[in-house]
Amino acid sequence: MISRIRSVALLLLVAAAAAIPSARAQLYLTGNIYGAFQDPGLPHTTVTNGPVVSTFESGDPYRPYPPYNDTKTSITFTGASFTDLGSGDPLVLQSIKFKNGITLLGTTATNATLDLFVNVSNLGISDLKVTTLTFDIDNTDNSGVSDIPDLFKIGYSPLAEFTYGDYLVKFTIDFSDPAWVTDGVGIPEGKKGLTGDIYVTMSFTPIPEPSTYAIAGAALLGGVVLLRRFKKGSVAAHTA
Ligand SMILES: [Ca+2]
Ligand SMILES: [Ca+2]
């Protein structure tokens, strides 16, 4: 009888220990990330959003004499897919590409906004907004001087988080050249500029499920109570 109680007690303690690690099974993410520019509804401004490549173009090209300039200011974002991404593994996005168009003063947007979305196909998550990227463009006046570079600067809104099963999934974003988000980068008139790599990272934090810990707690308590009874019983057996 005593050994049976001891067995049940130990079984309950093992159950308590086993209940906790089961909440921390591995999680890997597969899917894709894409961007969609918001259309500001401005003249001389065109937004083209594709499943992978999205482009924002703005400005009326300055065309004083042949060969005519036809450059517009543009921003091109290219999405990416990912497979079996683990917690903390960076998803590397290609550069965001900029073009500083030589445009008539006052015809070019001073900012652009791009919503960044993720599909996590293996979790059944679609079109989850990760953050909103903002692009500030200063369009400095070139009058009297042929080239005064325009300054392009990137900002982003607080990044999303979501819960999936036992996990809290949080996003972070980093730039290989942080100048794009700190001071901005000047691009000469008529030239292109690249941000360098952009890293989007998803980190998974296990969440203790109340039910899991209730089971663990109940089993632990049961085990301790039975062990105490067993000890009392064994002492009584010696003094009888
Ligand atoms: Ca310009
Ligand atoms: Ca300029």
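Being a predicted model, the structure only gives us computed values, none of them experimental.

## Focus: the nonpolar core
Considering soluble globular proteins, one finds that nonpolar side chains tend to be buried as a cluster. In this structure, Ile33, Ile75, Ala112, Leu114, Phe135 and Val200 are the most contacted members of the largest nonpolar core, which totals 33 residues. Secondary structure elements with two or more residues in this core: strand S1 (29-37), strand S4 (73-78), strand S6 (90-93), strand S8 (111-120), strand S9 (125-137), strand S10 (150-156), strand S12 (167-175) and strand S15 (198-206). It is S8 that provides the largest number of residues to this core, a total of five residues. Non-local contacts of isoleucine 33, meaning those with residues more than four positions away in its chain, are made with Gly79, Ala80, Leu91, Leu116, Val118 and Val200.

## Digging into the environment of threonine 78
Tracing the backbone shows threonine 78 in strand S4. On the neighbour-count criterion, threonine 78 (16 C-beta atoms within 10 Å) is partly exposed. Separated by 15 residues in sequence, threonine 78 and leucine 93 place their C-alpha atoms 7.5 Å apart. Ignoring anything within four residues of it in the chain, the contact list for threonine 78 reads Val52, Val53 and Gln94.

## Side note on the pairing of S9
Sheet topology places S8 next to S9; nine bridges connect them, and they run antiparallel. Across the sheet, aspartate 115 pairs through a bridge with threonine 132, a residue of S9. Linking S8 back to S9 in an antiparallel pair, the connection comprises four residues, with glycine 124 at a positive phi of about 75°. When S9 meets S10, the two strands line up antiparallel, connected through five bridges. Paired with aspartate 136 across the two strands is lysine 153, which belongs to S10.

## Remarks on the sheet that holds strand S14 (residues 192-194)
Strand order in the open sheet made by the five strands is S2-S3-S4-S7-S14, with antiparallel pairing throughout. Edge positions in the sheet fall to strand S2 (45-49) and S14, since each has one partner strand and no second. The average angle at which neighbouring strand axes cross in this sheet is 10°, direction not considered. Alignment of strand S7 (residues 97-99) against S14, held across three bridges, turns out to be antiparallel.

So, how was this worked out
Residues numbered from 1 in each chain as written. Chains lettered and ligands numbered in written order. Predicted model: local features only at pLDDT ≥ 70, side-chain atom pairs only at ≥ 80, totals over all residues. Core = buried A, V, L, I, M, F, W, Y, C linked by C-beta atoms within 7 Å. Buried ≥ 20, exposed ≤ 12 C-beta atoms within 10 Å, placed from the backbone. Helix = DSSP H or I, 4+ residues; strand = E, 2+ residues; numbered from the N terminus. Contact = placed C-beta atoms within 7 Å. Pairing = 2+ DSSP bridges. Axes fitted to C-alpha atoms, helices over the stretch in contact; angles between N-to-C directions.

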